[in-house]
Amino acid sequence: TENITGTENRFKTKNLDHFERAEAGLFINRLMERYHKDLSPEIINTLLAIQDGEVPAYASPLWLSLAVTIFLELDASDFEAIKKQSGEAEDVKIESYLLNMAQKFPPRADALFLRLIEQAKRYFNSDMTSDNLIFLALSDNGLTEKTLETVTGENWDSLSFTYMHRWFRGFLSNRNRE
């Protein structure tokens, strides 16, 4: 990029070893514990069984973080779908629903992130969510909330932004937030 932009590369890359299965399980549990939640061993094993060809999805800490975030962001529509399941105890319905979700997770972090974005767009102001994520992706050092409000224009919604920021808390920095 130095040759293209004429600037010095400010980023250093470092290859990290992939997570092993046991490390991935611990990582999932620690992320869930941070929010006083847990996942059953069956759901964790389902997550750990997802593969992208020869590479397990759990090799990526980003993929694991995205999967946990999706579980943590269940909302009223999810619980309505759980309620509609018939003939089982509530805890069995919840487990079944979460297991079904896990089985449908794509094995690549980029596809799982897109799923999280699509889910967020259903819950919040869709245009504002898209606009903000595009502006953040294109910015060099992030943007302040005030700047996002200005560039988003008529699609801006403070409440939706607050919720969206909470949703993506593990993937956004608060460094430039006003």
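The model shown is predicted, which means the values in this text are computed figures rather than measured ones.

**Comments concerning the overall build of the chain**
Then comes step 1: Check the secondary structure of the chain and you find ten helices and two strands.
Then comes step 2: Listed by position from the N terminus, the elements making up the chain come as α-α-α-β-β-α-α-α-α-α-α-α.
Then comes step 3: Its C-alpha atoms put the chain at 60 × 40 × 25 Å along the principal axes.
Then comes step 4: A total of 178 residues make up the chain; the buried ones form 35% of that total.
Then comes step 5: Contacts in the chain between residues far apart in sequence, at least 24 positions, make up 68% of those at least 6 positions apart.
Then comes step 6: Within the structure as shown, the chain displays about 11500 Å² of accessible surface, and the carbon and sulfur contribution to it stands at 51%.

**Let's talk about unusual backbone geometry**
Then comes step 1: The phi torsion at His36 lies on the positive side, around 60°, for a residue other than glycine.
Then comes step 2: One can find His36 in the loop between α2 (21-34) and α3 (41-49).
Then comes step 3: Of the residues examined, His36 reaches a relative accessible area of 75% and is grouped as exposed.

**Here's the deal with the packing of α2 against α3**
Then comes step 1: It is at 10 Å that the axes of α2 and α3 come closest, and there the two elements cross at 130°. One finds that α2 runs oblique with respect to α3. Note on packing geometry: the crossing formed by α2 with α3 is right-handed. Residues Arg21, Ala24, Gly25, Ile28 and Asn29 of α2 form the contact with α3, whose participating residues are Ile44, Asn45, Leu47, Leu48 and Ala49.
Then comes step 2: A class-by-class count of the residues in the contact of α2 with α3 yields six nonpolar, three polar and one charged.

**Section: the confidence of the model for the chain**
Then comes step 1: Taken residue by residue, the chain gives an average pLDDT of 85. The fraction at 70 or more is 90%.
Then comes step 2: Contacts for the low-pLDDT stretch residues 1-5, under 50 throughout, to residues beyond four places or in other chains number five contacts.

**Regarding the layout of surface pockets**
Then comes step 1: Of the voids in this model, the second largest pocket is the one considered here, and its volume is about 280 Å³.
Then comes step 2: Lining the second largest pocket are 13 residues, with Met32, Lys37, Phe71, Leu74 and Leu98 positioned closest to its centre.
Then comes step 3: Only α4 (61-72) and α6 (90-103) provide two or more residues apiece to the lining of the second largest pocket.
Then comes step 4: Broken down by element, the lining of the second largest pocket gets its largest block of residues, three residues, from α6.
Then comes step 5: Classifying every residue of the lining of the second largest pocket by side-chain character gives nine nonpolar, one polar and three charged.

**Here we look at the side chain of Asp78**
Then comes step 1: Of note, Asp78 is situated in helix α5 (residues 76-84).
Then comes step 2: Side-chain polar atoms of Asp78 contact the side chain of Tyr123, separated by 3.4 Å.

**Observations concerning the environment of Leu39**
Then comes step 1: Position of Leu39 relative to the elements: it lies in the loop between α2 and α3.
Then comes step 2: According to the relative accessible area criterion, Leu39 is buried, its value standing at 9%.
Then comes step 3: Considering only alpha carbons, one finds Leu39 and Phe105, 66 residues apart in sequence, at a separation of 15 Å.
Then comes step 4: If sequence neighbours within four positions are ignored, Leu39 has contacts with Ile28, Met32, Ile44, Leu47, Phe71 and Leu98.

**Structural notes on helix α9 (residues 145-152)**
Then comes step 1: Considered for burial, the residues of α9 that qualify are Glu145, Leu148 and Thr152. Looking straight down α9, one finds its buried side chains confined to an arc of 60°; they lie on one side.
Then comes step 2: Where α9 is buried, its residues contact α8 (126-138) and α10 (158-167).
Then comes step 3: The first or second residue beyond α9 is Gly153, which carries a positive phi of 65°.

Rules behind the numbers
- Sequence positions are assigned chain by chain, starting from 1 and proceeding in written order.
- Totals for whole chains, interfaces and linings use all residues, but because this is a predicted model, local features are given only for residues with pLDDT of at least 70 and pairs of side-chain atoms are given and counted only at 80 or more.
- To obtain the side-chain values, all non-hydrogen atoms of the structure were included, while hydrogens and water were left out.
- Numbered from the N terminus, helices here are DSSP runs of H or I no shorter than four residues, and strands are runs of E no shorter than two.
- Exposure is judged per residue with a 1.4 Å probe applied to protein chains only, and the accessible area is read against the type maximum: over 50% gives exposed, under 20% gives buried, and values in between give partly exposed.
- Whether two residues touch is decided by their heavy atoms; if any such pair falls within 4.5 Å, the residues are in contact.
- Note on areas: these come from Shrake-Rupley sampling with a 1.4 Å probe, and a residue is covered only by the protein chains present in the view.
- Where helices are involved, their axes are fitted lines through C-alpha atoms of the stretch in contact, as for all axes, and angles between N-to-C directions lie from 0 to 180°.
- Angles below 35 degrees are treated as roughly parallel, those above 145 as roughly antiparallel, those between 65 and 115 as roughly perpendicular, and all remaining angles as oblique.
- Helix crossings are classified by the rotation of the near helix relative to the far one: an anticlockwise turn of less than a right angle makes the crossing left-handed, while a clockwise turn makes it right-handed.
- Throughout, the ten residues Ala, Val, Leu, Ile, Met, Phe, Trp, Tyr, Cys and Pro are labelled nonpolar, Asp, Glu, Lys and Arg are labelled charged, and all others, Gly among them, are labelled polar.
- A score between 0 and 100, pLDDT records how confident the predictor is in each residue.
- Buriedness for pockets is judged along seven lines, at least five of which must meet protein on both sides within 12 Å for an open set on the 1 Å grid over protein atoms alone, while cavities are sets there where a 1.4 Å probe fits but cannot get out, and lining residues have an atom within 4 Å of a point.
- Grid points are joined across faces, edges and corners, and a volume is the space filled by probe spheres set on the points.
- Here a polar contact is taken to be a pair of N or O atoms separated by no more than 3.5 Å, where protein atoms must pair a possible hydrogen donor with a possible acceptor and residues adjacent in sequence count only if both atoms sit in side chains.
- Starting at the helix axis, one direction is taken to each C-beta atom, and the arc is that of these directions.

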